[in-house]
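Notes for the structure review
What follows is the residue order along each chain.
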Amino acid sequence: MKVSNLYIGTLSGTSADSIDAALFDFGKKIKMIGSLSKKIPQELKAKILKLSNSKKNLHDNPTKELLELDESFAIETANLINKLLKKFNIDKNLIRAIGSHGQTIQHFPFLKKPYSLQIGNPEIISNLTGITTVGNFRQTNIINGGSGAPLTPSFHNAFLRDKTKNRIIVNIGGITNVTLLLKNKKTIGWDTGPGNCLI
């Protein structure tokens, strides 16, 4: 039986304006089959921004409001994924996995007890789509000694590393990050400060 190379990735940025979902074929070359975006409802966005400005450690002390938001955001994400599959007429059983970043609420990788908190419960997304869903990338990276931004450097390393050239890749998202790809050296990446969030 031929194994599918189809994956879905979801992301929402610092602005909390929309959730994006994209369907990829990771065969010999990366091919984007299609994408779809959904504007985050204003009421949901207001709650995201309110909790993002909280001074409390919501990771260790989750509030009822946070848990409700976690569920609501996951439902919005799952609905978007199901619409994406319908739009491109793709059977969910062909999707190997969903990688869902979620919406960052708090990110403190350099505290004495570092943490990163995203909403958009992967278990709920998996239940509503019927597809294996992976999430909590930032917190998992921090637990393993990173600074909570593992995805972009890993992608750059896999697809932009060159055996004969040194490369620096700058990714200007809400927060800008840099990946350093030096010949025969370990890949390193880090956030450099505000990017598009200033706009």
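Below is a summary of the structure that appears in this document. In this text the structure is predicted, and so the values were computed from the model without any measurement.

What about the environment of Thr10?
Mapped onto the secondary structure, Thr10 falls in strand S1 (residues 6-11). Residue class for Thr10 comes out buried when judged on its relative accessible area of 6%. In sequence terms Thr10 and Ile98 are 88 residues apart; their C-alpha atoms lie 7.7 Å from each other. Sequence-distant contacts of Thr10, defined by excluding residues within four places in its chain, comprise Asp20, Ala21, Thr77, Ile81, Ile98, Gly99, Ser100 and His101.

Here we look at the nonpolar core
Residues Ile8, Ile48, Ile95 and Ile105 are the most contacted members of the largest nonpolar core, which totals 28 residues. Only S1, strand S2 (18-26), helix H1 (42-52), helix H2 (64-87), strand S4 (95-100) and strand S6 (115-119) provide two or more residues apiece to this core. By residue number, the principal contributor to this core is H2, which donates nine residues. Dropping the residues within four chain positions of it, Ile95 is found in contact with Leu6, Tyr7, Ile8, Leu23, Leu85, Ile90 and Ile131.

Quick word on the pairing of strand S10 (residues 188-194)
Taken together, the six bridges between strand S9 (residues 175-181) and S10 define a ladder with antiparallel strand orientation. Residue pairing across strands places Ile175 opposite Pro194, the latter belonging to S10.

Some remarks on the side chain of Asn177
For Asn177, the position within the fold is in strand S9. Using a relative accessible area of 12% as the deciding quantity, one classes Asn177 as buried. Those residues in contact with Asn177, other than ones at most four positions away along the chain, are Thr152, Ile169, Val170, Asn171, Trp190, Asp191 and Thr192.

Remarks on the pattern of salt bridges
Using the criterion set out here, one finds seven salt bridges in the structure. With a closest N to O distance of 2.5 Å, Lys45 and Asp17 form a salt bridge. Here Asp17 lies in the loop between S1 and S2 and Lys45 lies in helix H1, a separation of 28 residues in the sequence. You can call Asp17 partly exposed: its relative accessible area is 37%. Between Asp162 and Arg167 there is a salt bridge; the shortest N-O distance is 3.8 Å. Given a relative accessible area of 29%, Arg167 falls into the partly exposed group.

A closer look at the environment of Ser100
Here Ser100 shows up in strand S4. You can call Ser100 buried: its relative accessible area is 3%. The sequence separation of Ser100 and Pro122 amounts to 22 residues, and the corresponding C-alpha distance is 7.0 Å.

Looking at the sheet that holds S4
Pairing is mixed across the open sheet formed by five strands, whose spatial order is S3-S2-S1-S4-S7. Edge positions in the sheet fall to strand S3 (30-39) and strand S7 (133-134), since each has one partner strand and no second. Pairing geometry for S4 and S7, over two bridges, is parallel. Bridged to Gly99 within S7 is Val134. The strands touched by H2 within the sheet are S1, S2, S3 and S4, with S3 carrying the most contacts at an inclination of about 130°.

Concerning the packing of aromatic side chains
Applying the stated criterion across every chain, the model contains five aromatic pairs. A centroid spacing of 5.0 Å and a plane angle of 35° characterise the contact between Phe155 and Phe159, whose relative ring orientation is tilted. Placement of the pair is Phe155 and Phe159 together in helix H5 (residues 151-160), with a separation of four residues, close to one helical turn. The partly exposed category is assigned to Phe159, whose relative accessible area is 44%. An aromatic cluster of three or more residues is present, and its members are Tyr7, Phe24, Phe26, Phe155 and Phe159.

Examining the sheet that holds S9
Read from one edge of the open sheet, three strands run S8-S9-S10, paired in antiparallel fashion. Across the chains shown, the open sheet's two edge strands, defined by having one partner strand only, are strand S8 (167-172) and S10. The sheet shows a mean angle of 20° between the axes of neighbouring strands, direction not considered. Bridging between S8 and S9 involves six bridges; their strand directions are antiparallel. From the neighbouring strand, Ile169 faces S9, where its bridge partner is Thr179. Sheet strands in contact with H5 are S8, S9 and S10, and its direction is about 40° off that of S9.

Thresholds, definitions, all that
Residues numbered from 1 in each chain as written. Predicted model: local features only at pLDDT ≥ 70, side-chain atom pairs only at ≥ 80, totals over all residues. Heavy atoms only, no water. Helix = DSSP H or I, 4+ residues; strand = E, 2+ residues; numbered from the N terminus. Buried < 20%, exposed > 50% of the residue type's maximum accessible area, 1.4 Å probe, protein only. Contact = heavy atoms within 4.5 Å. Core = buried A, V, L, I, M, F, W, Y, C linked by side-chain atoms within 4.5 Å. Pairing = 2+ DSSP bridges. Salt bridge = Lys/Arg side-chain N within 4 Å of Asp/Glu carboxyl O. Axes fitted to C-alpha atoms, helices over the stretch in contact; angles between N-to-C directions. Phe/Tyr/Trp six-rings, centres within 6.5 Å; stacked < 30°, edge-to-face > 60°.

These values are about where atoms sit, not about what they do.
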